[in-house]
Amino acid sequence: WQSEACCAMVPLHKCINDSMHVYFSNGVASLELCLLVAAVTKATNKDVSDMLAAVQESGWQRSGMAKRGAQNKWWTKRLFTPSFFSASMYKGSAKQTQALISLLRWLAEGVWVHQPQLRVAAESFLKLCVCLDVLKSISQTRAFDELAAAQRDHMEAFQRAWPDFFRPKHHHALHLGMQYAETDCFPNC
């Protein structure tokens, strides 16, 4: 940031955050996903292996799995690798984080939001999911105001659920809509 040579090559005002790193790769979603799993484990005594069992019993399939045969069970099981949850950040890949968010959303909407001890955490997570829904189509919809509103809602819910876990990427996320609008560029990596 203070190197004249570097700033001449890539001026800081031309730098832009990307949604994959802000949310999925050691980002906001990776953090909240781990916090939610820890809260569920504490409140219910159900760990990631129990969550995996629920997913497998439901018959969930990864997108496009009809063409991949037996890979589904292995791939789904890998999402719930215990070591991926060992810190306060989910350590799977960005694609794994995205898939796991879909699965946990299903559990959050159907079960956790209805349990008083998990309601605040589940509500925050579901508001995160709304942000991610808007981001998926933002290059077509150009719904910058909708993204900003969803992010504000999520930040308020996150603060209620996890007041001690804000990271710089929470701040970076709030700039995505403005950066996308100004640059007409929507990088996801």
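The rules behind these values
- Residues numbered from 1 in each chain as written.
- Predicted model: local features only at pLDDT ≥ 70, side-chain atom pairs only at ≥ 80, totals over all residues.
- Heavy atoms only, no water.
- Disulfide = S-S within 2.5 Å.
- Buried < 20%, exposed > 50% of the residue type's maximum accessible area, 1.4 Å probe, protein only.
- Phe/Tyr/Trp six-rings, centres within 6.5 Å; stacked < 30°, edge-to-face > 60°.
- pLDDT = per-residue confidence, 0-100.
- Helix = DSSP H or I, 4+ residues; strand = E, 2+ residues; numbered from the N terminus.

Draft legend 1. How the structure looks around the state of the cysteines. Under the defined criterion, the tally for this structure stands at 0 disulfides. Here C34 stays free of any disulfide, with the sulfur of C129 as its closest cysteine sulfur at 15 Å. Looking at C34, the relative accessible area reads 6%, which means it is buried. C131 forms no disulfide, and the closest cysteine sulfur to it belongs to C129, at a distance of 9.1 Å.

Draft legend 2. Structural view of the packing of aromatic side chains. Taken as a whole and judged by the stated rule, the model has 6 aromatic pairs. Here the aromatic rings of Y23 and F24 are separated by 6.4 Å at their centres, their planes lie at 50 degrees, and the arrangement is tilted. Summarising the burial analysis for this pair, Y23 and F24 share the class buried. Through a chain of ring-to-ring contacts, three or more aromatic side chains come together here, namely F84, F85 and Y90.

Draft legend 3. Molecular detail of the confidence of the model for the chain. For the chain, mean pLDDT is 87; residues scoring 70 or higher make up 91% of the total. Mean pLDDT per element in the chain: helix α5 (residues 71-79) is the minimum at 78, and helix α7 (residues 119-136) is the maximum at 96.

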